[in-house]
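One letter stands for each residue in the lines below.
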Amino acid sequence: MQLYDETEIGLGLTGFGVFFSFLGVLFFFDKGLLAMGNILFLSGVMLTIGLKSSLQFFMKPSNYKGTISFGVGFFFVVVGWPVLGMILEAYGFIVLFREQCEIVPHKSEEQVLQGAERRQQTVFKRRRGKGRGMGFGKIIKGVLSF
């Protein structure tokens, strides 16, 4: 899969945003780190999926509640109330990305089923060529014959 430069930079910024937010929480809700994490996260998302797609995502009527709570939480972090701001941001993040979180289990289940099917096909291919190689049964017979 080939990524464009903007996408790679966006993924890096998003990762740094999550890292700085984690550090901000770890250092007892340091408002500077939390604000830096928020700015990096939002700019990373916008670079990853594009400005137009980001605006469409955040301005979708079903996402208004999450967008407003995330924005108000960001404002509270910058003003100096980081605990309340992070609570509002976490709620907004959950509301915004709830649909994507519902997709993940279905996609991972599909991947598991496809992997099991591939392993089963490999086992059947190996069983067909039974006459070649040592084989587990021959190894056990050889060990037991000592």
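Check the entry above for the structure.
Owing to the predicted nature of the structure, the values given are computational and were not obtained by experimental measurement.

## Brief notes about the overall build of the chain
Reasoning step 1: Secondary structure assignment for the chain yields seven helices and zero strands.
Reasoning step 2: Secondary structure elements in the chain, listed N-terminal to C-terminal, are α-α-α-α-α-α-α.
Reasoning step 3: Expressed as a percentage of the 146 residues in the chain, the buried residues total 25%.
Reasoning step 4: A separation threshold of at least 6 residues defines the contact pool for the chain, and within that pool the share at least 24 residues apart is 55%.
Reasoning step 5: Within the structure as shown, the chain displays about 11100 Å² of accessible surface, and the carbon and sulfur contribution to it stands at 70%.

## Looking at the environment of Phe29
Reasoning step 1: Position of Phe29 relative to the elements: it lies in the loop between helix 1 (5–26) and helix 2 (31–49).
Reasoning step 2: Taking the C-alpha atoms as reference points, Phe29 and Met86, 57 residues apart in sequence, are found 8.4 Å from one another.
Reasoning step 3: Those residues in contact with Phe29 that sit more than four places away from it in its chain are Gly24, Leu34, Pro82, Val83 and Met86.

## Section: unusual backbone geometry
Reasoning step 1: If you check the backbone angles, Phe28 has positive phi at about 55 degrees while not being a glycine.
Reasoning step 2: Here Phe28 shows up in the loop between helix 1 and helix 2.
Reasoning step 3: Look at Phe28 and you get exposed, because its relative accessible area is 78%.

## What about the packing of aromatic side chains?
Reasoning step 1: Within this structure, the stated rule accounts for seven aromatic pairs.
Reasoning step 2: Members of the aromatic cluster, each reached through a chain of ring pairs, are Phe41, Phe57, Phe58, Phe93 and Phe97.

## Describing the packing of helix 1 against helix 2
Reasoning step 1: Contact pair helix 1 / helix 2: the axes reach a minimum separation of 7 Å and the direction vectors enclose 160 degrees. Of the possible angle classes, the one that applies to helix 1 and helix 2 is roughly antiparallel. Where helix 1 crosses over helix 2, the two elements pack in a sense that is left-handed.

The rules we used
The numbering scheme is per chain: residues are counted from 1 as the chain's sequence reads. Local features in this predicted model are restricted to residues of pLDDT 70 or higher, and side-chain atom pairs are both shown and tallied only at a pLDDT of 80 or more, whereas totals for entire chains, interfaces and linings draw on every residue. Side-chain numbers come from the whole structure's heavy atoms, not from hydrogens or water. Secondary structure elements are defined from DSSP: runs of H or I of at least 4 residues count as helices, runs of E of at least 2 residues count as strands, and each element is numbered from the N terminus. Type-normalised accessible area, obtained with a 1.4 Å probe on protein chains alone, sets the label of each residue: buried when under 20%, exposed when over 50%, and partly exposed for intermediate values. Residues count as neighbours in contact if any of their non-hydrogen atoms are within 4.5 Å of one another. Methods summary: accessible areas were calculated by the Shrake-Rupley approach with a probe of 1.4 Å, and residue burial reflects only the protein chains presented. Note on aromatic pairs: the rings of Phe, Tyr and Trp (six-membered ring only in Trp) are paired at centre separations within 6.5 Å, and the planes decide the class, stacked below 30 degrees, edge-to-face beyond 60, tilted for the rest. As a rule, the C-alpha atoms of each element are fitted with a line to give its axis, helices using only the stretch in contact, and angles between N-to-C directions run from 0 to 180 degrees. In this scheme, roughly parallel covers angles under 35 degrees and roughly antiparallel covers those over 145, while 65 to 115 is roughly perpendicular and the rest are oblique. Less than a right angle of anticlockwise turn of the near helix away from the far helix marks a crossing as left-handed, whereas a clockwise turn marks it as right-handed.

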